Amino acid sequence: MPLRDHFRPPFSNRTSWEGFHGMWPGMIVQHLEKFLPDDYTAEPRVHLGSYFEIDVSAFEGDEPRPRGQVSSQESADAATATWSPPQPTLTIDAELPDQYEYEVLVFDHSRGRQLVAAVELVSPANKDRLANRRAFVAKCATLLQQNVCLSIVDLVTTRRFNLYTELLELIDRSDPVFSPEPPPTYAVTCRGRKVREIPRIESWAYPLSVGQPLPTLPLWLSEDLAISLDLESSYEETCRVLRIAQVS
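Notes on the structure in this doc start here. Just so we're clear, the structure is a prediction, and the values are computed from it rather than from any experiment.

How each quantity is defined
- Residues numbered from 1 in each chain as written.
- Predicted model: local features only at pLDDT ≥ 70, side-chain atom pairs only at ≥ 80, totals over all residues.
- Heavy atoms only, no water.
- Helix = DSSP H or I, 4+ residues; strand = E, 2+ residues; numbered from the N terminus.
- Expected span 1.5 Å × (residues − 1).
- Buried < 20%, exposed > 50% of the residue type's maximum accessible area, 1.4 Å probe, protein only.
- Pairing = 2+ DSSP bridges.
- Disulfide = S-S within 2.5 Å.
- Phe/Tyr/Trp six-rings, centres within 6.5 Å; stacked < 30°, edge-to-face > 60°.
- Lys NZ or Arg CZ within 6 Å of the ring centre and 35° of its normal.

1. Digging into helix α2 (residues 17-33)
For α2, built from 17 residues, the straight-helix expectation of 24 Å at 1.5 Å per residue is met to within 8% by its first-to-last C-alpha distance of 25 Å. For α2, the set of buried residues is W17, F20, H21, W24, P25, M27, I28, V29, H31 and L32.

2. Regarding the pairing of strand β8 (residues 226-230)
Consecutive side chains of a regular strand alternate in pointing toward one face of the sheet and then the other. By the bridge criterion, five bridges tie strand β7 (residues 216-220) to β8 in an arrangement that is antiparallel. By the bridge assignment, T216 is partnered in β8 with D230. Connecting the antiparallel pair β7 and β8 is a turn made up of five residues.

3. Details of unusual backbone geometry
For the bond running from P9 to P10, omega is 5 degrees, close enough to zero to count as cis. By the element assignment, P10 lies in the segment before α1 (11-14). One non-glycine residue, D172, lies in positive phi territory at about 60 degrees. Of the residues examined, D172 reaches a relative accessible area of 65% and is grouped as exposed.

4. Considering the state of the cysteines
In a disulfide, the sulfur atoms of two cysteines are held together by a covalent bond. Enumeration according to the criterion identifies zero disulfides in this entry. As a non-bridged cysteine, C140 has C190 as the owner of its nearest cysteine sulfur, 8.2 Å distant.

5. Re the packing of aromatic side chains
Under the criterion given, the structure shown has eight aromatic pairs. Seen from their ring centres, F20 and W24 are 5.4 Å apart, and the 45 degrees between their planes marks the pair as tilted. Separated by four residues within a single helix, F20 and W24 lie in helix α2, roughly one turn from each other. Here the aromatic rings of F20 and Y235 are separated by 5.4 Å at their centres, their planes lie at 70 degrees, and the arrangement is edge-to-face. In this pair, F20 sits in helix α2 while Y235 sits in helix α7 (residues 231-241), placing the two residues 215 residues apart along the sequence. Grouping residues by exposure puts F20 and Y235 together as buried. Taken together through their ring pairs, the aromatic side chains of F7, W17 and Y102 make up a single cluster. Positioned over the ring face of F107 is R113, at 4.0 Å from the centre of the ring. For the cation-ring pair, R133 lies above F161, with the distance from its terminal atom to the ring centre recorded as 3.6 Å.

Right, here's the structure in full:
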């Protein structure tokens, strides 16, 4: 079945792209589970905006103290209360980019639950501003530096930036497959490895087009072990469950 445009009618009228992106990682995990060796597990991750964490310790140990008794923390606070920090040397307006993440992470438990592969599903927020694109590219570069196999799947038709080519630009490289005009939608797997002590990046890159099927990518678990990342099967299953496949 062909790729749909999830960001425009009629498909955007049926299901939001957020719903689709939130569902797809779980479907990818279900399909990977059929091929992963016993020592490996895959997990879906969705992160929208900032993490919020409640300090549970603030609600523990609240038994009343005898009148006049001072806690050790209050004593420490009193000891440092007389020092006032100087004025900051610089104060600027700064809005740090907050990444939206839809991903699948694969771990090798024989190596202490080491992260060995990541599938990153690009969202509009990853492409809408220069700061967000830089943050996404920096994350991908860090994964490759840590010898994590990286797959990027970009179905966002409303932003024409190509984050894979921007990743290559970071190391002053380009991909002839995506020249001269990089497509806005694409799927690619990258892995870093050394060949005769020379560090290299190997890529399997495919442009995506609305109306065409999605490719199968290699997902490398180690230097010599790869499994198939069948994007088409998990994509169609997600569309079926969300009843997107019924839209014509």
